[in-house]
Amino acid sequence: MKLTLRLLADVGKALKSLDLYSQYNPSALSIKQFIDFGNNACEEKSFYFLRKELPVRLANIMKEINLLPENLLIMPSVELVRSWYVQSFMDLVEFEDHSGKTREVLERFCKTLINVRNRHSNVVETMAQGVMELRDCDTVDNTTENSLQYFLDRFYMSRIGIRMLINQHTLMFGKDLPGHIRHIGAIDPTCKIGLVVADAYENAQFLCDQYYVDSPVLELVSHNGVSGAAGRTPIESAYVPSHLYYILFELFKNSMRAVMEYHADSDNYPCIKVSIVLGNEDLSIKVYLRNTTDSSLTVFHQWNECTKGYYINLLCKLHQ
């Protein structure tokens with residue numbers, strides 16, 4: 001009985017905290033800010049920032065989840081995702097009154113972040129399963145479909161931001177090992193874009209060769225247009241290599257499948273062309289896929305440097 005009352009009290013406190021934290025807006029952070037902090041990293045400062053920032057981000061997206069259609073909220077997979085977010089929120093708000101000056105608190109906070117990250121490792125698949133469950137048992141009209149797509153875009157972007165913050169802290173202050181000695185957390189200050197493109201292509205090509213016994217060739221073109229740089233100087237930029245790899249790997253898989261299936265009766269497959277162009281203010285990666293349908297798909301993955309900050313813009317256009 002006492003345990004039940006204690007649990008109810010904890011849940012009631014968490015709901016009050018949820019309303020409070022959801023009133024704040026998440027902090028907008030640039031890659032430059034991550035790098036500047038990482039160069040003079042202080043675990044105590046990171047603790048004080050994250051113990052508020054992460055609950056704010058969780059509370060905001062949880063409020064949006066609660067606004068979803070009732071017939072989606074009752075889907076088993078969506079209920080499971082909601083329970084993960086509630087538990088993670090409760091785990092983090094426990095630290096709101098703790099001091100970051102003790103080693104024990106900092107270590108426990110780092111372990112909590114790792115637990116939160118592990119708990120949410122299957123969020124993408126589980127939420128997608130919830131949407132599929134809704135479609136299997138109910139009719140989804142165009143208005144609801146568009147609303148769901150809008151929510152999912154925001155939901156997954158929120159997840160990326162939360163995982164980025166957690167990874168930066170655990171890589172710099174925990175037992176997680178960074179990918180390379182020059183990395184600042186998950187960020188490579190001199191990420192070699194061409195090598196990431198080639199790596200993503202080769203792994204997608206391996207899968208394509210296994211399934212179709214052949215694959216389209218990659219045509220990679222780079223141009224460094226920065227003032228004072230030679231046109232073909234290798235292009236580098238501060239970025240998270242794993243994020244860029246994941247995007248390109250998925251694009252290459254889809255592109256290769258389109259080429260192989262559209263040209264199934266041909267022995268001559270058109271190449272997949274990738275152009276990397278670095279200017280004084282922005283860097284763009286364009287993946288061209290031609291002669292697969294009446295309209296060819298061009299995908300632009302572009303990020304710009306604005307007042308020394310970075311933003312991501314992913315555009316997909318059909319060129320007639």
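Structural data are supplied above this passage.
Residues numbered from 1 in each chain as written. Predicted model: local features only at pLDDT ≥ 70, side-chain atom pairs only at ≥ 80, totals over all residues. Heavy atoms only, no water.

Undergrad: It is not clear to me how the packing of helix α3 (residues 43-66) against helix α6 (residues 103-119) should be interpreted in this structure. Could you clarify?
TA: α6 packs onto α3 with a crossing angle of 45° between their chain directions and a minimal axis gap of 11 Å. The angle between the axes of α3 and α6 places the two elements in the oblique class. Crossing of α3 against α6: the hand is left-handed. Contacts from E43, E44, F47, L50, R51 and L54 of α3 reach α6 at R103, V105, L106, F109 and L113. In terms of residue class, the contact of α3 with α6 is built from seven nonpolar, no polar and four charged. (Axes fitted to C-alpha atoms, helices over the stretch in contact; angles between N-to-C directions. Helix = DSSP H or I, 4+ residues; strand = E, 2+ residues; numbered from the N terminus. Parallel < 35°, antiparallel > 145°, perpendicular 65-115°, else oblique. Left-handed = near helix turned anticlockwise from the far one by under 90°. Contact = heavy atoms within 4.5 Å. Nonpolar A, V, L, I, M, F, W, Y, C, P; charged D, E, K, R; others polar.)

Undergrad: Can you walk me through the pattern of salt bridges in this structure?
TA: A side chain with one charge can pair with a side chain of the opposite charge if their charged atoms come near. Overall, the coordinates contain 14 salt bridges when judged by the stated rule. In this structure, R154 and E64 form a salt bridge, with 2.6 Å as the shortest nitrogen-oxygen distance. Of the two residues, R154 is situated in helix α8 (residues 142-173) and E64 in helix α3; the sequence distance between them amounts to 90 residues. What makes R154 partly exposed here is its relative accessible area of 38%. Classification of E64 as partly exposed rests on a relative accessible area of 22%. Between E250 and K253 there is a salt bridge, with its nearest N and O atoms 3.4 Å apart. With E250 and K253 both in helix α10 (residues 241-262), this residue pair falls three residues apart, about one helical turn. Connected through shared salt-bridge partners, E43, R103 and E107 make up one network. (Salt bridge = Lys/Arg side-chain N within 4 Å of Asp/Glu carboxyl O. Buried < 20%, exposed > 50% of the residue type's maximum accessible area, 1.4 Å probe, protein only.)

Undergrad: Help me out: how do you make sense of unusual backbone geometry in this one?
TA: Phi is mostly negative for residues that are not glycine, and the peptide bonds are mostly trans. Within the chain, V213 stands out as a residue other than glycine whose phi angle is a positive 60°. In this structure V213 comes out as exposed when scored by relative accessible area, which is 70%.

Undergrad: For this particular structure, what's the right way to read the packing of aromatic side chains?
TA: Taken as a whole, this structure holds eleven aromatic pairs when the rule is applied. A centroid spacing of 5.2 Å and a plane angle of 80° characterise the contact between F95 and F109, whose relative ring orientation is edge-to-face. Of the two residues, F95 is situated in the loop between α5 (76-93) and α6 and F109 in helix α6; the sequence distance between them amounts to 14 residues. When sorted by exposure, F95 lands in the same class as F109, which is buried. Between Y211 and Y212, the aromatic rings sit 4.8 Å apart at their centres with planes inclined by 75°, giving edge-to-face as the arrangement. Residue Y211 is classed as exposed on the basis of its relative accessible area, which comes to 65%. What makes Y212 partly exposed here is its relative accessible area of 23%. (Phe/Tyr/Trp six-rings, centres within 6.5 Å; stacked < 30°, edge-to-face > 60°.)

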